[in-house]
Amino acid sequence: MTEEYVQEKWSLDDLFPDIDSPELQEASKHLEEKVKVIEDVRPKLTEELTQEELLEILAKYEELIRLLRRIVSYGHLRFAEDTQDQAAQTYLGQVQQLTAEVDNRTMFFSLWWKALEDDVAEDLLAGAGDYAYWLEALRLQKPYTLTEPEEKVINLKDVNGSQAMVNLYTAITNRYAFTLEDNGEVKELTRGELSVYYRSPDPDLRKAAYQELYRVYGKDTPILGQIYQYRARDWRSELVDLRGFASPIAARNLSNNVPDEVVDALINACKENSSIFHRFYRLKARWLGVDRIRRYDIYAPVTETDKSYPFSEAIEMILESFNQFDEQFADLSMKVLSEHHLDSEVRKGKRSGAFCATVGPDLTPWVLTSYQGKPDNVATLAHELGHAVHSLVANHHTALTQDASLPLAETASTFGEMLLVDHLLATDPDPGVQRDLLFKQMDDAYATVMRQAYFADFERTAHDMIKSGAAVDDLSQAYVENLEDQFGDSLDLSDDFRIEWVAIPHIYHTPFYVYAYAFGQLLVYSLYRQYMEDGKRFKSRYMEILSAGGSDAPVRILDKAGVDVRSPEFWQGGFDFLEGQIEKLEEIEIPA
Ligand SMILES: [Zn+2]
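**Focus: the pattern of salt bridges**
Here is step 1: Per the stated rule, a full pass over the model turns up 44 salt bridges.
Here is step 2: Here Lys348 ties to Glu188 by a salt bridge, and the two come within 3.3 Å at their closest N and O atoms. Remark: Glu188 occurs in strand E2 (residues 185-189) and Lys348 occurs in the loop between strand E4 (342-343) and strand E5 (355-357); sequence separation between them is 160 residues. We note that Lys348, like Glu188, is exposed.
Here is step 3: Among the salt bridges present, the one from Arg292 reaches Asp492, with a minimum N-O distance of 2.4 Å. Of this pair, Arg292 sits in the loop between helix H13 (274-288) and strand E3 (293-294) while Asp492 sits in strand E7 (residues 491-492), placing them 200 residues apart in sequence.
Here is step 4: Connected through shared salt-bridge partners, Lys9, Asp18, Arg78, Glu81 and Asp85 make up one network.

**Structural notes on the side chain of Glu500**
Here is step 1: By the element assignment, Glu500 lies in the loop between E7 and helix H20 (505-509).
Here is step 2: In this structure the side chain of Glu500 is engaged in a polar contact, spanning 2.6 Å, whose partner is the side chain of Tyr479.
Here is step 3: Those residues within four positions of Glu500 in sequence are excluded, and the remaining contacts are Tyr214, Arg295, Arg451, Phe455, Tyr479 and Leu483.

**Details of the packing of aromatic side chains**
Here is step 1: Within this structure, the stated rule accounts for 46 aromatic pairs.
Here is step 2: Taking 5.3 Å as the distance between ring centres and 65° as the angle between the ring planes, the aromatic pair formed by Tyr228 and Tyr508 counts as edge-to-face. Taken together, the residues Tyr228 in helix H10 (residues 221-242) and Tyr508 in helix H20 connect sequence positions 280 residues apart.
Here is step 3: The exposure class assigned to Tyr228 is buried, which follows from its relative accessible area of 0%.

**Details of the coordination of the zinc ion**
Here is step 1: Distances from the zinc ion to its protein donors, namely His383 (NE2), His387 (NE2) and Glu410 (OE), fall within the range 2.1 to 2.2 Å.
Here is step 2: Expressed as a motif, the donor residue spacing for the zinc ion is H-x3-H-x22-E. Placement of the pair is His383 and His387 together in helix H16 (residues 375-393), with a separation of four residues, close to one helical turn.
Here is step 3: Owing to a relative accessible area of 12%, His383 belongs among the buried residues under this scheme.

**Brief notes about unusual backbone geometry**
Here is step 1: Of note in the backbone geometry, Asn183 takes a positive phi value of approximately 55° without being a glycine.
Here is step 2: Position of Asn183 among the secondary structure elements: in the loop between strand E1 (178-182) and E2.
Here is step 3: For Asn257, which is not a glycine, the phi torsion comes out positive at approximately 55°.
Here is step 4: Along the chain, the position of Asn257 falls in the loop between helix H11 (248-256) and helix H12 (260-272).
Here is step 5: For Asn257, a relative accessible area of 19% corresponds to the buried category.

**What to know about the sheet that holds strand E6 (residues 366-368)**
Here is step 1: What the three strands build is an open sheet, ordered E4-E6-E5; its pairing is mixed. On the outer flanks of this sheet lie E4 and E5, each paired with one strand and no other.
Here is step 2: Strand contacts of helix H2 (residues 51-81): E4, E5 and E6, with the helix running at about 155° to E5, the strand carrying the most contacts.
Here is step 3: Relative to E5, H16 is tilted by about 20°, and along the sheet it contacts E4, E5 and E6.

**Quick look at the packing of helix H6 (residues 148-160) against helix H7 (residues 162-174)**
Here is step 1: Direction vectors running N to C along H6 and H7 enclose 20°, while the axes themselves pass 4 Å from each other. Comparing their axes, H7 and H6 come out roughly parallel. Considering the relative orientation of H6 and H7, their crossing is right-handed. Every residue of H7 that contacts H6 at Asp158, Val159 and Asn160 is listed here: Ser162, Gln163 and Ala164.
Here is step 2: Residue composition of the contact of H6 with H7, grouped by class: two nonpolar, three polar and one charged.

Parameters at a glance
- Residues numbered from 1 in each chain as written.
- Predicted model: local features only at pLDDT ≥ 70, side-chain atom pairs only at ≥ 80, totals over all residues.
- Heavy atoms only, no water.
- Salt bridge = Lys/Arg side-chain N within 4 Å of Asp/Glu carboxyl O.
- Helix = DSSP H or I, 4+ residues; strand = E, 2+ residues; numbered from the N terminus.
- Buried < 20%, exposed > 50% of the residue type's maximum accessible area, 1.4 Å probe, protein only.
- Polar contact = N/O pair within 3.5 Å; in protein donor to acceptor, adjacent residues only side chain to side chain.
- Contact = heavy atoms within 4.5 Å.
- Phe/Tyr/Trp six-rings, centres within 6.5 Å; stacked < 30°, edge-to-face > 60°.
- Donors = N, O, S within 2.8 Å, 3.2 Å for Na, K, Ca; no water.
- Pairing = 2+ DSSP bridges.
- Axes fitted to C-alpha atoms, helices over the stretch in contact; angles between N-to-C directions.
- Parallel < 35°, antiparallel > 145°, perpendicular 65-115°, else oblique.
- Left-handed = near helix turned anticlockwise from the far one by under 90°.
- Nonpolar A, V, L, I, M, F, W, Y, C, P; charged D, E, K, R; others polar.

Next up, the structure:
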């Protein structure tokens, strides 16, 4: 039996009917009441507070957060579905302001909590149930917290300061239109559409697509580079100079609750293993029949086949592969579709890329992707649906502890992708498919592990250089050196890529976020191997990791599942897996 799945725009009706709807106005009123409830508990906050009283306050606070997230998410999702819609732009600005105000009016609670003596806090923590890790994580920031008036000033100034910078970057770059001549036809494309051509079988089109990307970004490099400088300077003045973090990346590490040395070990392991990908690119050159590939060719398909999967087929493949692992995995992804929470259409003005947004434990997450039929798009869809599964498996937690923290945030998404790939390996009778999928897996491993680790390495360098007064051109030069270290002599690097860094939204939005991808992906390679070896027994340990959500420190959650991220062998294990994949590829005979 074949069911037809339709590619559509999502419905946000489970949140609100519209920006100017009475429901949304009503919700804003309720929010104000809930904020007042929290403000009223302020006098109770003393060292004498009992465990029961604390739980009661936390429950009220959680109610407030659930409602706030509905309102704020609605703003983000409306903006994502059409970044050029003026009403959505305005509303997004309003909800960001609202978030800052609510934070300001309720932050006395976390300040009180962080200021408590250790023994008092420990007593209270013991009775905090599922809120415990959220409370514990707050105290991690204790040595880096400023006074209440200082915190308020930072929050308020950020809305029209660093947050505004990031919004400007988004507004400027999402407006870009790219033109490309394909088969004699000149097409106007979004960035998402343009990026499909990086994987075109036609080498000239791949080159033209990258050149078009950097032609458009290149015109604005001075201003985009300047926005980055502001962002990096602000990050350092706040986090290093005012709050006292040892380095710009240390602030991200603490918010991930991953020790600095674990992150260093990860990035260093990636840099030490760059030769694995050099080997891969030399192999790819042989398949493509060239002496050496160009940077334009790193995602080149090794065959002429341009396989495309209709949307409905893609969904069926994903559900089938999820179902073979675990029925729940498939059922939960199906919820996203049946509740119309998936926006898979291609539309101009729609946010590029893909994401899954969790609003709260009582709502099925929303997933956005621009599905264009390529195997890559199928994998992306499996990835984002994996995120949704993670979120739903953990929805027995509170709104404060449901979301996995960054290092574990990719555990279900990447795993879902691998399930899909394995399923295709096993079921697609096309003899070329095995080769294509292994190539694709390596391409992805590059994009998710190596590329991201080198981005993080660049961020470390760039933040330090900006402190010493580096100009935009200096940063571009540093970026070229980063690429040279990454690729060695395994490919021809052209000068276009010197400005690639201004085209990476993550380093603007969420500095140092990117290493979490490398962390998550290597972690999953290791977990997946355990699944192959251990089958059923693994499944329950794995589902335990997922259902923990964000209710404990990532390293502790992994410890319980027997994964030791402190050991260097652990990271090396991920690369050994990849080397094994390359060996499999090298055994396949290259047609004359
Ligand atoms: Zn993801």
